[in-house]
Amino acid sequence: MSNMTQITTLTVECSEAEMESPMWDPYFPQVLHTGWEAFASTLETLVLNVPNDLLGQPTRWIFPSQPLPHLQEIALHLTCSNSKREAHSCIIDTSLLPFLNANNRVKAFGVTVASTNFDIARLFDGLNSFPSLAKLNVVCPSSDSVAITPTSDGIHNFASTRAPNLQELSLELTSALLASTLSQQITGSLKVQPRNLRVWTSDKITPKTTLGSTFFATLSTSIETMVPTLKELDVGNITLSFDQFKKIIHLFQSSETLSALHLSIEELVPEVFLSISNALPDLRLFTIRYEFLNVNVFSEFHWYRGHQKSRKVAVMRPPTAQVRQIKKFLQKCNELTAMTLQFIEAKKVHNFSHWGLEHLRIQPLRYPPWISCKHAIADTFPNVKTFNGASREEYLSSNYMDRI
């Protein structure tokens, strides 16, 4: 290892099962310590994917004793362990914080925590100023971790006061912890103003419940405070009702910066595209994920656009056991409401050529439709260059398997 003098990226991986194996050598981590002198001066990226308990080993075995002068990115993936909260607090105070604060010139920092006893707020409360930090990614998906998180500003306080150049913020937390963090954005005197924001929850939020409505109110209000600087917003795993969807895009009607938006909705209907194309004519990338698809509305829309019968959507033959279920679904879709009829009439004269959208992604959250809508969708948006990451030609070819 002493000859590894040109390493720029180092990934250290160890599983909890390996540590619990009779073959595990407790002195093995010391091997890493011998390499720091060789590649400490060249290392730019450090990835640690290890159990929390491994960091409880003597610090010099895992982390270098001196700062890494060219380190640009730190990614911590701390896997589950059975240690009590007190043990984790000791690891944070004596191992993680000294290393992180000694290398506070990094431009990117990410931490993923799987342990239910890891105090994520304690970690962020103990961090010093990171003046060059441009990208922060925090993943804490365990619901149990909320119960042991102390009342503090935690993540938000760090991002707003000690990361002055933060441009990308990605949070994947439980809904309770996420709501608490976003509330600090609303009530705090200092605001986080990233260019790119990704906000995901690790537990499912139902939009029409009281809890869902309360969470959405916090989410939308916090996003509103960031509108002036946001270039990209991703709340793509939080399912919205159509009214909530409209409220989100309404926040950006006066925005001159937003170019990419990623959302999820309960039911995908053409009104979704009508609303967003009118509200955000300069949007370049739009991802829409959906629970249900009103297929026949898209079929009718395709027909009114003047396509020949030979190009009308084709019905895929489902398994016999599902025929009754599919027929019931299609029957429901055929019961066009007055609003749907008005939409179809409006579509006859509506033209999406004014929409500057270049990249469109449509992704089902459950199952893809039995009916292919590709031609209808591609015909609807003449300016779009890629659909689900594929070029227009590739998307419409028979070899492309997606039906939407």
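Look up: the structure comes first, before these words.
The shown structure was predicted, so the numbers you read here are calculated from the model rather than taken from an experiment. (Residues numbered from 1 in each chain as written. Predicted model: local features only at pLDDT ≥ 70, side-chain atom pairs only at ≥ 80, totals over all residues. Heavy atoms only, no water.)

A. Spotlight on the pattern of salt bridges. Here the structure, examined in full by the defined rule, presents 7 salt bridges. Arginine 198 is the partner of glutamate 172 in a salt bridge, and the nearest nitrogen-oxygen pair spans 3.7 Å. With glutamate 172 in strand E6 (residues 168–173) and arginine 198 in strand E7 (residues 196–201), the pair connects residues that are 26 residues apart, well separated along the chain. The class for glutamate 172 is partly exposed, based on a relative accessible area of 21%. Taking the shortest distance from any N to any O, the salt bridge between glutamate 358 and lysine 385 comes out at 3.9 Å. Of this pair, glutamate 358 sits in the loop between helix H14 (338–349) and strand E11 (359–364) while lysine 385 sits in the loop between helix H15 (374–380) and strand E12 (386–387), placing them 27 residues apart in sequence. For glutamate 358, a relative accessible area of 23% translates into the label partly exposed. A single network of salt bridges, built from pairs that share partners, joins Glu172, Arg198 and Asp234. (Salt bridge = Lys/Arg side-chain N within 4 Å of Asp/Glu carboxyl O. Helix = DSSP H or I, 4+ residues; strand = E, 2+ residues; numbered from the N terminus. Buried < 20%, exposed > 50% of the residue type's maximum accessible area, 1.4 Å probe, protein only.)

B. Broad picture of unusual backbone geometry. Notably, asparagine 388 is not glycine yet its phi reads approximately 55°, a positive angle. By the secondary structure assignment, asparagine 388 is in the loop between E12 and strand E13 (390–391).

C. Region of interest: the packing of helix H8 (residues 175–187) against helix H9 (residues 210–224). Relative to each other, H8 and H9 sit at 40°, their axes nearing to 9 Å. With respect to their mutual orientation, H8 and H9 come out oblique. For the element pair H8 and H9, the recorded crossing hand is left-handed. Residue-level contacts link Ser175, Leu178, Ala179, Leu182, Ser183, Gln185 and Ile186 of H8 to Phe215, Thr218, Leu219, Thr221 and Ser222 of H9. For the contact of H8 with H9, the per-class residue count stands at 6 nonpolar, 6 polar and no charged. (Axes fitted to C-alpha atoms, helices over the stretch in contact; angles between N-to-C directions. Parallel < 35°, antiparallel > 145°, perpendicular 65-115°, else oblique. Left-handed = near helix turned anticlockwise from the far one by under 90°. Contact = heavy atoms within 4.5 Å. Nonpolar A, V, L, I, M, F, W, Y, C, P; charged D, E, K, R; others polar.)

D. Region of interest: the pairing of E11. Pairing geometry for strand E10 (residues 285–293) and E11, over 6 bridges, is parallel. Bridge pairing links tyrosine 290 to proline 364 in E11. Bridge count between E11 and E12: 2 bridges; the pairing is parallel. Counted as the bridge partner of histidine 359 is threonine 386 from E12. (Pairing = 2+ DSSP bridges.)

E. Examining the packing of helix H10 (residues 242–251) against helix H11 (residues 271–279) more closely. Between H10 and H11, whose axes approach to 10 Å, the crossing angle comes to 15°. As judged from the angle between their axes, H10 and H11 are roughly parallel. Crossing angle aside, the handedness with which H10 passes H11 is right-handed. Along its contact with H10, which presents Phe242, Phe245, Lys246 and Ile249, the element H11 presents Glu271, Val272, Ser275, Ile276 and Ala279.

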